[in-house]
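Structural overview for review
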Amino acid sequence: MTSDRIVGADAEPFETAEESALRPKSLSDFVGQPRVRDQLDLVLQASRLRDKPADHVLLSGPPGLGKTTLAGIIAAEMEAPFRITSGPALQHAGDLAALLTSLQPGEILFLDEIHRTARSAQEMLYMAMEDFRVDIIVGKGPGATAVPLDLEPFTLVGATTRSGLLPGPLRDRFGFTAHMDFYDTESLTTIVQRSAGLLGVPANADGIAVIASRSRGTPRVANRLLRRVRDFAQVHGDGVVSGDVAEAALQLYEVDDLGLDRLDNAVLRAMLERFDGGPVGLSTLAVAIGEEPETVETVAESFLVRLGFVTRTPRGRVATAAAWRHFDLEPPTPTGPANNLGSDQLTLSEGMTPELGESG
C-alpha cells in the first residue's frame, strides 16, 4: 500500500486532510523530543554525507507522539520515496516479499505496529534488513527450493507501542532505536499555537494554555481538542479561542482540568464505586463499563497510571488515594492484610494465578 498516511475506515476525509496539514515536514519544525530529534538528525546527516540509505530506525512509544510524522520527516530529509504499511496487513511472508521486491532504491518503508506483523514475515525481515535479500520458497515438500531475490537498498522505519513484543533478532537489526516520551506543557503550548496558525484559528494565550494543559502530554490529542474548541468558538462565540471559550468547550466534551475524559472517569468510578477501589481485573473492569479490555488498557489505563490514580498489582488494578481524593470520596478502611492495597505488600497465595496475565 502506498500512501502518505494511514487512514482509518471511519475517518472523516476533511479531518484527515487537516491532520496531515498539521504534520511538521522537517526536523527543524518538529517540536519536542529534543534528544530523539538530535540523535536522528545526526544519523540522517551522516547518511547523506556517505550518499547511502539511512540505517533502519525503530520508533517506540505511546500512540499520538509523532512516530508517523518522524517517518515522513526521514523520507523528506533523505529526499526519498515514502511508503506506508502496517503490521496487521502483513500476515504472510508472501505479502512482505511482494512489498519488498517493489521498493525503489533508497525508499523509506514505514511499518506501523511492527509488533503485530506475522512471525513468518518478521523472520523474512531479518535477511531483508541485513543483506537486502529475500528467499522465496518455490514448490512444496522435498522438491521445494529457495530462490534468492536481491532487493534495492532501503530504509525500514518501524513503529511500535509495545517494543517488548518484538523478537530480539529483529530489534537488533535496527541501527537506531528511539523511545518517544510524553510531551511537557511548554512543548504542547508551542504545538497548539503552531496548529492554530496553520488552521487559521484566532486564539489567545489563555485559550492555548487551557488546551495544552488538558492534552494528556500528546500532540494528537492537543490538535483534536483544538479543532473541537474551534468549532465551539465559531458556533457559540465570535470565533476566537479564549480561555473562557476553551473551558466551556472542553466541559461540553467532558474533558476536565487534568485531561480526564468520559472513558477515564468511567474507569475510575467503576473501580471506586463498584469494586471499592480494587484490586479488580482488566476484563472485569472492561465488562463493568461496557468497553473492550484493550481499549481500557491502551486508552485509559496508561494515562491513569501516569497520573498516579491507578496502580497495577499482581492481583489486579487498584485505585490510589489520589483517585479517591479526585472524586471527594473517602477510601475504605483496610480490615486486614488481605485488604491492604499497597502494591509493595501484595503477595500471591500458593497456586493463585496473577490476574495481570489477562493483559500482560
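Look above for the structure.
1. A short note on the overall build of the chain
- Broken down by element type, the chain carries 14 helices and nine strands.
- Considering the chain as a whole, with its 360 residues, one finds that 44% of them fall into the buried category.
- Contacts in the chain between residues at least 24 apart in sequence constitute 70% of all its contacts with a sequence separation of at least 6.
- Of the accessible surface of the chain, which amounts to about 18100 Å², a share of 51% is contributed by carbon and sulfur atoms.

2. With respect to the packing of helix α11 (residues 262-274) against helix α13 (residues 293-307)
- Viewed as axis vectors pointing N to C, α11 and α13 meet at an angle of 85°, and their least axial separation amounts to 10 Å. Between α11 and α13, the angle is such that the two are roughly perpendicular. The segment α11 lies against α13, with Leu263, Asp264, Val267 and Leu268 engaging Thr295, Val296, Val299, Ala300, Phe303 and Leu304.
- Taken together, the residues of the contact of α11 with α13 sort by class into eight nonpolar, one polar and one charged.

3. Notes on the pairing of strand β7 (residues 176-179)
- Side chains Phe176 and Ala178 project from β7 onto a buried face, and the interleaved Thr177 and His179 project onto a face without burial.
- One ladder, built from four bridges, connects strand β1 (residues 57-60) with β7; its direction is parallel. Looking at the pairing, serine 60 lines up with histidine 179 of β7.

4. Section: the environment of valine 310
- Structurally, the position occupied by valine 310 is in strand β8 (residues 310-313).
- For valine 310, a relative accessible area of 4% puts it in the buried group.
- For the pair valine 310 and glycine 278, spaced 32 residues apart in sequence, the C-alpha separation works out to 9.6 Å.
- Residues in contact with valine 310, not counting those within four places in the same chain, are Leu268, Met271, Leu304, Val305, Arg317, Val318 and Thr320.

5. Let's talk about the sheet that holds β1
- The strand order across the open sheet formed by five strands is β2-β3-β6-β1-β7, and the pairing between neighbours is parallel. The two strands at the open ends of the sheet, each matched to only one other strand, are β2 (82-86) and β7. Mean inter-strand twist for the sheet, computed between neighbouring axes without regard to direction, equals 15°.
- Against the sheet, helix α3 (residues 67-78) touches β1, β2, β3 (108-112) and β6 (155-160), its axis set at about 170° to β3.

6. Overview of the environment of isoleucine 289
- Structurally, the position occupied by isoleucine 289 is in helix α12 (residues 282-289).
- The spatial distance from the C-alpha of isoleucine 289 to the C-alpha of valine 267 is 6.9 Å, given a sequence separation of 22 residues.
- With residues near it in sequence (within four places) discarded, isoleucine 289 still touches Leu263, Ala266, Val267, Ala270 and Val296.

7. Notes on α3
- When the terminal C-alpha atoms of α3 are compared, their 17 Å separation across twelve residues agrees well with the 16 Å that a helix rising 1.5 Å per residue should span.
- Burial runs high along α3: nine of the twelve residues are buried.
- Burial in α3 covers these residues: Lys67, Thr68, Thr69, Leu70, Ala71, Ile73, Ile74, Ala75 and Met78.
- Next to the buried residues of α3 lie α2 (34-50), β1, β2, β3 and β6.
- Positive backbone phi, approximately 50°, marks glutamate 79, located one or two places after α3.

8. Considering the pairing of β6
- Of all six residues in β6, six are buried; the element is thus mostly enclosed.
- Where burial is concerned, the two faces of β6 agree: the one with Thr155, Val157 and Ala159 and the one with Leu156, Gly158 and Thr160 are both buried.
- Relative to β6, β1 is paired through four bridges, and the arrangement is parallel. From the neighbouring strand, leucine 59 faces β6, where its bridge partner is alanine 159.
- As paired elements, β3 and β6 share four bridges and run parallel to each other. Along β6, the bridge assignment pairs leucine 109 with leucine 156.

Rules and cut-offs
- Residues numbered from 1 in each chain as written.
- Predicted model: local features only at pLDDT ≥ 70, side-chain atom pairs only at ≥ 80, totals over all residues.
- Heavy atoms only, no water.
- Helix = DSSP H or I, 4+ residues; strand = E, 2+ residues; numbered from the N terminus.
- Buried < 20%, exposed > 50% of the residue type's maximum accessible area, 1.4 Å probe, protein only.
- Contact = heavy atoms within 4.5 Å.
- Areas by Shrake-Rupley, 256 points an atom, 1.4 Å probe, with all protein chains shown as cover.
- Axes fitted to C-alpha atoms, helices over the stretch in contact; angles between N-to-C directions.
- Parallel < 35°, antiparallel > 145°, perpendicular 65-115°, else oblique.
- Nonpolar A, V, L, I, M, F, W, Y, C, P; charged D, E, K, R; others polar.
- Pairing = 2+ DSSP bridges.
- Expected span 1.5 Å × (residues − 1).

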